[in-house]
Amino acid sequence: MIRVAITGVGVISAIGKNAQEFWGSLQQGRSGIRPIQAPGCSGLRFPNGAEVTDYNSADYIDEKQAPIMDRFAEFAIIAAREAVRDSALEFTPEMKAGGAVITGACVGGQTSEDRQFEGLYRHGRNRCHPLTIPRIMANAGASLISMEMGLTGAGFTLSTACASAAHAIGLAYWLVRSGGAPIAISGGSEAPFSLGLLKAWEAMRVVSPTTCRPFCRDRNGMILGEGGAMMVLEPLEAAQARGAKIYAELCGFGMSSDASHITHPSTEGPSLAMQRALADGGIEPTLVGYINAHGTGTDVNDPTEAAAIRQVFGAHADQIAVSSTKSMHGHALGAAAAMEAAATVLGMHHRVLPPTANFTEIDPAIQLDVIANQARPAQVEYALSNSFAFGGLNATLAFRRVLTPCN
Amino acid sequence: MNPDIAERTQKIIAKHLRVPIEKVPLDATFEQLGMDSLDSVNLLFEIEDEFDISIDDQEAKSIASIPQMVEGIEVLLARKAGSAEPAPPSA
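Looking now at the overall build of chain B. On a plain count of helices and strands, chain B comes out with 4 helices and 0 strands. In chain B, the order of α-helices and β-strands from amino to carboxyl end is α-α-α-α. Each of the three principal axes of chain B carries a C-alpha extent, and together these read 55 × 25 × 20 Å. When burial is assessed residue by residue, chain B has 14% of its 91 residues classed as buried. The long-range fraction of contacts in chain B, counting pairs at least 24 apart against all pairs at least 6 apart in sequence, stands at 55%.

Right under this line is the structure:
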């Protein structure tokens, strides 16, 4: 089996429009949760979101390309460009021929869909713009990345709600590990701030009227976010040979289905995903030092996830630092797992674990060492990133520290 | 409990759970009725429609039985009636 390294990271989010800014905010525990600014998104029970602010697509996207791109696709291409640039990887003809692009997206081009359908339903128009379909298709991000990078290997998009990008990165990992692709670009993007979708979330009654406080006694829900995060995956040996900066080794991937309820998570499903990630990577559980939790901040997720962690690690759970970076970048749905994987490997690389922001007081029902508000300097051997979707579809990524001259 | 509100609430629950109304006692808790979190948000949605009210998320979390639901609806209806009263004519 080929060992796989993460050599490039790109992020655009509410807490930074590149990976460096993103990491700066994470390190300082600075939250990007603010009043929602997206046009037409008022009159909601929840006033706040984690949006990419001061964003001008013309700064990134060529005016000829712009008409075919929804905001979520722009985020995908912006993050992918940065990840590739960051990796300093020069694509060989073999890499271009077999390079894979696997992305996660939950709702696709929601803003474009809302706008076009509003024209039909509300303004009596009788036609949609001809580029509506390419803009709303959930695979637009993967398609645009492969086109721009000239990668002709496997390309597809996965949609498993809040776990989409974890499934995407996990499958990209298995593909590179098996030799099925010489390199891969993988991650997720999302731009869910449209009135229709926000109203649908409002009806679920899981969004906080204030802010996101995962694992706290006074938590009152999740906060929606947007953005994109992508990673470059390449064989570890090749990365070391070219003297690449290596954030971490991606060394395990586990998936499971709760097979129980469409919205209420089980303990068993998340627990199985973590166990399978450990088994997949041949990881001794006691060497895991950090978990970037799914940690949505809802009543139900947090204690369930805590119980699942306890079930997998037993007494060692007390030794694992846990944080939910959703408290800063929000819950970016199909992009969430990619942002969290990025937060995890950036933390491993910098030997600093990102905190849970907005933290007040631990919920007594949650027996975890939650990193509260302040980043924690620590060097961990292994870290996990958990993602558990509505619908009970779970994915866990496992990362290992890599010693290189650069880190 | 206001009998009219109680009866309408009972009907909504019976319809949602697809059970005869006799299976929905007026003093039942949602747990006794076998309702889960998704049933609860569905019920709140139907109740908001039926009574033309808006139920706050946080207040909704404390409602776990039919009597509590009926009491909450009464409060919201009274609040609505109060705010809809015409302002006294100015002198």
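Following the structure, the description resumes.
The subject of this paragraph is the nonpolar core. Judged by nonpolar contacts, the single largest core of 137 residues is most densely connected at Ala172, Leu233 and Ala342 of chain A. There are two domains that each give this core at least three residues, and those are domain 1 (4-241) and domain 2 (251-400) of chain A. The next biggest cluster of nonpolar side chains, apart from the first, holds 11 residues, and it includes Val24, Ile47, Ile66 and Ile73 of chain B.

On to the interface of chain A and chain B. The interface is formed by 11 residues belonging to chain A together with 8 residues belonging to chain B. Grouping the amino acids of the side of chain A that touches chain B by side-chain chemistry returns 5 nonpolar, 4 polar and 2 charged.

Turning our attention to the packing of helix H1 (residues 19-28) of chain A against helix H13 (residues 336-350) of chain A. Residues and elements named next belong to chain A. Interaxial distance between H1 and H13 falls to 11 Å at its minimum, and their mutual angle equals 80 degrees. Relative to H13, H1 is oriented roughly perpendicular. Contacts from Ala19, Phe22, Trp23 and Leu26 in H1 reach Ala342, Ala343, Leu346 and His350 in H13. A class-by-class count of the residues in the contact of H1 with H13 yields 7 nonpolar, 1 polar and no charged.

All names here are of chain A. As summarised here, the arrangement of the 11 strands in space is S5-S4-S6-S7-S1-S8-S15-S14-S9-S10-S12, forming an open sheet in which the pairing is mixed. Of all the strands in the sheet, the pair left with one neighbour each is strand S5 (155-158) and strand S12 (369-370). Where strand S1 (residues 4-13) meets strand S8 (residues 248-257), 3 bridges bridge the pair, whose relative direction is antiparallel. Residue pairing in the sheet places Ile6 in a bridge with Ala248 of S8. Against the sheet, helix H2 (residues 71-87) touches S1, strand S4 (100-104), strand S6 (184-190) and strand S7 (227-235), its axis set at about 135 degrees to S1.

Next up on the list: the pairing of S6 of chain A. Residue and element names in this part refer to chain A. Burial within S6 is extensive, with 7 of its 7 residues counted as buried. Residues Ala184, Ser186, Gly188 and Glu190 point to one face of S6 and Ile185, Gly187 and Ser189 to the other, with burial holding for every one of them. As paired strands, S4 and S6 are joined by 5 bridges and run parallel to one another. If you follow Gly104 over to S6, its bridge partner there is Gly188.

Turning next to the confidence of the model for chain B. Residues and elements named next belong to chain B. Chain-level pLDDT for chain B is 91 on average; 91% of the residues reach the 70-or-more range. Helix H1 (residues 3-17) holds the highest mean pLDDT among the elements of chain B, 95, whereas helix H3 (residues 57-60) holds the lowest, 90. Scored as a whole, the predicted complex attains pTM 0.94, and scored at its interfaces, ipTM 0.82.

About the cut-offs
Residues numbered from 1 in each chain as written. Chains lettered and ligands numbered in written order. Predicted model: local features only at pLDDT ≥ 70, side-chain atom pairs only at ≥ 80, totals over all residues. Helix = DSSP H or I, 4+ residues; strand = E, 2+ residues; numbered from the N terminus. Buried ≥ 20, exposed ≤ 12 C-beta atoms within 10 Å, placed from the backbone. Contact = placed C-beta atoms within 7 Å. Core = buried A, V, L, I, M, F, W, Y, C linked by C-beta atoms within 7 Å. Domains from an automatic or database assignment. Nonpolar A, V, L, I, M, F, W, Y, C, P; charged D, E, K, R; others polar. Axes fitted to C-alpha atoms, helices over the stretch in contact; angles between N-to-C directions. Parallel < 35°, antiparallel > 145°, perpendicular 65-115°, else oblique. Pairing = 2+ DSSP bridges. pLDDT = per-residue confidence, 0-100.

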